[in-house]
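Observations on the model geometry
Given next are the chains, with one letter for each unit.
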Amino acid sequence: MKIRKLITVIISVFMCILMLAGVISCGGVQDKAPDPTPDPQETPTPTPPPSTPEPTPEPVELVPYDGVVEHLFFHEVIAYPEIAFSGSSRQRYDTEMVTVLEFQRILESLYNNDFILVDLNIVWSEYTNDNGQTRMRSNTLMLPEGKKPIVISFDDLSFYEYMKGDGFMERYIIGSDGNIWAEGIDPSGNAVVSQDLAAITILDKFVRENPGFSHNGAKGCIAFTGYEGILGYRTQKDLDDNSEESRLNRMQEVARVQPVVQRLKDTGWYFATHSYGHIRFPSAGLTAIQNDAVRWMEEVGSLVGETQILIFPFGEPLDGCNWLCQTACGPGFLFYHELGFRLFAAVGREPYTAIKTDIAAVRMDRMASIGTTLRQGRERFLRFYDAKDVFDPMRPEEYGTDW
Ligand SMILES: [Zn+2]
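Figured I'd write up the structure that's included with this text. Quick caveat, the model's predicted, so the values are computed rather than measured. The residue numbers shown here count from 1 along each chain, following its written sequence. Side-chain atom pairs in this predicted model are given and counted only at pLDDT of 80 or more, local residue features only at pLDDT of at least 70, and totals for whole chains, interfaces and linings cover all residues. Note: side-chain values were computed over all heavy atoms of the structure, leaving out hydrogens and water.

With that settled, the discussion passes to helix α5 (residues 199–209). Whether a residue is buried, partly exposed or exposed follows from its accessible area with a 1.4 Å probe, protein chains only, as a fraction of its type maximum: under 20%, in between, or over 50%, in that order. Each helix corresponds to a stretch of at least 4 residues labelled H or I by DSSP, and each strand to a stretch of at least 2 residues labelled E; elements are numbered beginning at the N terminus. Most of α5 sits out of view: 8 of its 11 residues are buried. Within α5, the full set of buried residues consists of Ala199, Ile200, Thr201, Ile202, Leu203, Asp204, Phe206 and Val207.

Looking at the zinc ion, one finds its protein donor set to be Asp156 (OD), His274 (NE2) and His278 (NE2), positioned 2.1 Å from the metal centre. Each donor residue of the zinc ion lies on the same chain, and together they follow the pattern D-x117-H-x3-H. Each member of the pair His274 and His278 is classed as buried. Listed donors are limited to N, O and S atoms within 2.8 Å of the metal, widened to 3.2 Å for Na, K and Ca; water is not among them, so incomplete-looking sites are possible.

On to the environment of Gly330. Structurally, the position occupied by Gly330 is in the loop between β13 (309–311) and α9 (331–338). The spacing of Gly330 and Gly320 is 10 residues in sequence and 8.5 Å in space, taken between C-alpha atoms.

We count a salt bridge whenever a side-chain nitrogen from Lys or Arg sits within 4 Å of a carboxyl oxygen from Asp or Glu. Considering all chains together, one arrives at 21 salt bridges under this definition. Between Lys219 and Asp204 there is a salt bridge, with its nearest N and O atoms 2.8 Å apart. With Lys219 in the loop between α5 and β11 (221–224) and Asp204 in helix α5, this pair connects stretches of sequence that are 15 residues apart. Residues Lys219 and Asp204 agree in their burial class; the two are buried. As a salt-bridge pair, Arg280 and Glu316 come within 2.7 Å of each other at their nearest N and O atoms. With a gap of 36 residues between them, Arg280 in the loop between β12 (270–273) and α7 (281–284) and Glu316 in the loop between β13 and α9 connect regions that are remote in the sequence. Where salt bridges share partners, they join Asp94, Glu102, Arg375 and Arg395 into one cluster.

Laid out in C-alpha cells, this is it:
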C-alpha cells in the first residue's frame, strides 16, 4: 500500500512539473511581435509578465546635483508626414507637432548631449516648516557624474477625433510581448502595429536601447485631458446619452485602457492633468474651472491614479500667475492645491521655476519642442539639439525658418 501511495505521489509531482513546464513555455512565446492585423474592436489581452525586462544600467557612481532641471514638452508625433502635411490641418500640425524622424533625432541629440530623464515628482518635495506650514523645497538629485537632468512631458496624448486619418496612429495597445505598441492605419489603408510611429513607444524603445538615458527607469510625464478619453480610448462619459449602450461602450473602453495605463506606470511613465476640457483658465471663471477639475478626477483620475501635476492648457496660467508671479495664490490655484496638486506648469522661453511662498506649490515653465520652435528660435534649443539637423525635409516649405 505504502509503495503504491508513494508511486502515486511521485506521479502527481511529475505531472505538476510537466504542467508547470507547460505554463512556462506558454509564457516563453512572449517575444513574438503582436498580431500584425489586430481587430480594432478586440478586447486587449491581459498584460502578461514581460518576457524581457527593461535593462537596467550598469551601476555607476552618483554625485549630487543642484542645478537646473530642464523641461521640454511635446505633443503626439506625426507618424506619416506625407499625410499630415497635405491635408487641411497641415499648418496646425506643422506648428504643434514634430514628426517621428524629428523626435528620434531629438532623443539621440539629448542623449549625446549627456541629458538623462528624471521623474518630475522627484525634483521637489513637500515639508513642514518651523511655523507648521507645508511648503515645497528642491531636492538634491543624485545622478551619474556629468549627466544633466531633463523632464519630458507630453500633452494631449488622446488621439483626438480631429487627428483621425491625418497621419497619426490611433491608440496605444499592449502587444503579446506585454509591452506598449501603437496601432493605426498606414497610408495605403492597412492596419499597422508598431513601436516606431508614436511618442510613447519611440521613447520606450530608445530607453531600452540606451538605458543610460533614464534615471531609475524614468520616462515621461503624460498630461491628459478627458473630453475624448485617453490614449485613443473613448473613456469619456456622454452626459447627453443615458442609454445602456453608451454605458457599456464606455465600460469596454475603460477595460481596454486599464492594462495600458498599468504597463505605462510599471515602466516609468507618470501622469498629469491638462484639464478635462482643455479649457481656457483666464476666461473660464472659477466655477467652470472647479467643475472641470472634478470631472477630470472622476473620469481620468479614476483611471490613472493620483497626480500632483497640473499642466496648464494652452500654457495659460491659473489666476494670471505668470512667470513673475510671487503674489498670493488666487482661488483657482487654491482649489487645485486643495485637491492635492503641487506642481503647476506652463510654457515659457526657458525652464523657469519658482517655489511659491504662500502655499506648498511650485510654478514652472516648460520649453515647447514643437514645429514652431524648429522653425523659429533655434538658438534657444541648441543645448538640446540643432533644429537644422533635426528638421524633417517632409515639412511644407512655405512656412520658412529663421536659420
Ligand atoms: Zn494641450
